[in-house]
Amino acid sequence: MASKLKEPEPNELWPEILGHGPKLAYDDGVLSVRLSSNENHYTIGQGEGEAALFVTYTTQITADSRDGLTMAGRHVTGWMLLDANGQLLARLASDDEVVYQRSKMDAFAALAGVKIKDWGEVPVSRIDKLMVPTDGKGATRQRISRREWVIAAAVAGGILFSWPFTSHITFSSERQRAFIILLLGVGGFLFAGIGLGIGKLAAKLPALPVRVICGVLTVGFAAASLYVQFANLAVWKLTPNQTGAALLGLAAESAAAALWAGIQRAGIEPAKRQSKLDLR
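Remarks on the sheet that holds strand 6 (residues 75–82)
(1) Moving on: Reading across the sheet, the four strands line up as 7-6-5-8 and stay open at both edges, with mixed pairing between neighbours. Since the sheet does not close on itself, it has two edges, and those belong to strand 7 (88–95) and strand 8 (115–121), each with one partner. Taken over all neighbouring pairs, the strand axes of this sheet differ in orientation by 20 degrees on average, direction set aside.
(2) Moving on: Across five bridges, the pairing between strand 5 (residues 53–60) and strand 8 is parallel. When the bridges of strand 8 are listed, threonine 56 appears paired with aspartate 118.
(3) Moving on: On the sheet, helix 2 (residues 102–112) packs against strand 5, strand 6 and strand 8 and is oriented at approximately 145 degrees with respect to strand 8.

Pasting the structure below:
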């Protein structure tokens, strides 16, 4: 017997032609945008970076637009996801085929609590402008997501923890020295993975106890780092500075674990700020 093709769940919206746009899903205040193996999550709300509005539009691609190399001359229908400040969170579609049926999108948006705005026919320059994040004053801003900051902090903490131990490995050539540097990087990512893994597991627990425990550990490790350096304490073969660095790395890992748990839990209360979105 032939197996039945998988159908979208009631809380999902799939493009009419698979691959022409991401699959959308809503669950417990979080909107998921998944295309192939890439998946992003946005909290529903009115704060910066929170999903507030679906926008649909039609436009004609010109040769000098961002998509002009491959789509010049085509009249396309697009879908975007914006936050309440009008900043682009995700470009969902830009195609001359029907990507999302409007009736299905209306039903999905109502379920997720996200509004829909039809801009009608707009110049492609308006869409291109939205593709470049700004600081609100017209200056280009390269935005780094909260997830990226936490990952960077976890890697930095892993390197701080690894350095005191790898520094005791002796080398007699430049090639061996390069190997030690490689080990330092591997150690940084390894311990970062452990910290973020603990955070992912902690996301299944209530938020308050996780924050309290991780907060106490972070403060404790940071205080211990300062103490061993000022008291000139040596542990094992480590100097006071090396011991302090290892403890500071643990402080960074515990803080990253708490933040990562919050991101994974996606239970942040949406900010109750007034929408600043220009709906014209």
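Resuming the write-up.
Brief notes about the packing of aromatic side chains
(1) Moving on: Following the criterion strictly, the structure yields four aromatic pairs and no others.
(2) Moving on: Considering the side-chain rings of phenylalanine 54 and phenylalanine 108, the 6.3 Å spacing of their centres and the 50 degrees angle between planes classify their relative orientation as tilted. With phenylalanine 54 in strand 5 and phenylalanine 108 in helix 2, this residue pair connects regions lying 54 residues apart in the sequence.
(3) Moving on: Ring geometry for tryptophan 79 versus tyrosine 100: centroids 6.3 Å apart, planes at 85 degrees, classification edge-to-face. Placement of tryptophan 79 in strand 6 and of tyrosine 100 in the loop between strand 7 and helix 2 is noted, with a sequence separation of 21 residues between them.
(4) Moving on: Residue tyrosine 100 is classed as buried on the basis of its relative accessible area, which comes to 3%.
(5) Moving on: Across the ring face of tryptophan 14, the terminal group of lysine 23 is positioned such that the distance to the ring centre comes to 3.9 Å.
(6) Moving on: Cation over ring: arginine 126 sits above tryptophan 119, and NZ or CZ is 3.8 Å from the ring centre.

A few points about the sheet that holds strand 3 (residues 30–35)
(1) Moving on: Spatially, the four strands line up as an open sheet ordered 1-2-3-4, and their pairing is antiparallel. Because the sheet does not close on itself, it has two edges, and the strands there are strand 1 (12–13) and strand 4 (38–43).
(2) Moving on: Relative to strand 2 (residues 23–27), strand 1 runs antiparallel, the two sharing two bridges. Within strand 2, the position partnered with glutamate 12 by the bridge is alanine 25.
(3) Moving on: Sheet contacts for helix 2: strand 1, strand 2 and strand 3; angle to strand 2, the most-contacted strand, approximately 30 degrees.

Reading the values: rules and limits
Residues numbered from 1 in each chain as written. Predicted model: local features only at pLDDT ≥ 70, side-chain atom pairs only at ≥ 80, totals over all residues. Heavy atoms only, no water. Pairing = 2+ DSSP bridges. Helix = DSSP H or I, 4+ residues; strand = E, 2+ residues; numbered from the N terminus. Axes fitted to C-alpha atoms, helices over the stretch in contact; angles between N-to-C directions. Contact = heavy atoms within 4.5 Å. Phe/Tyr/Trp six-rings, centres within 6.5 Å; stacked < 30°, edge-to-face > 60°. Buried < 20%, exposed > 50% of the residue type's maximum accessible area, 1.4 Å probe, protein only. Lys NZ or Arg CZ within 6 Å of the ring centre and 35° of its normal.

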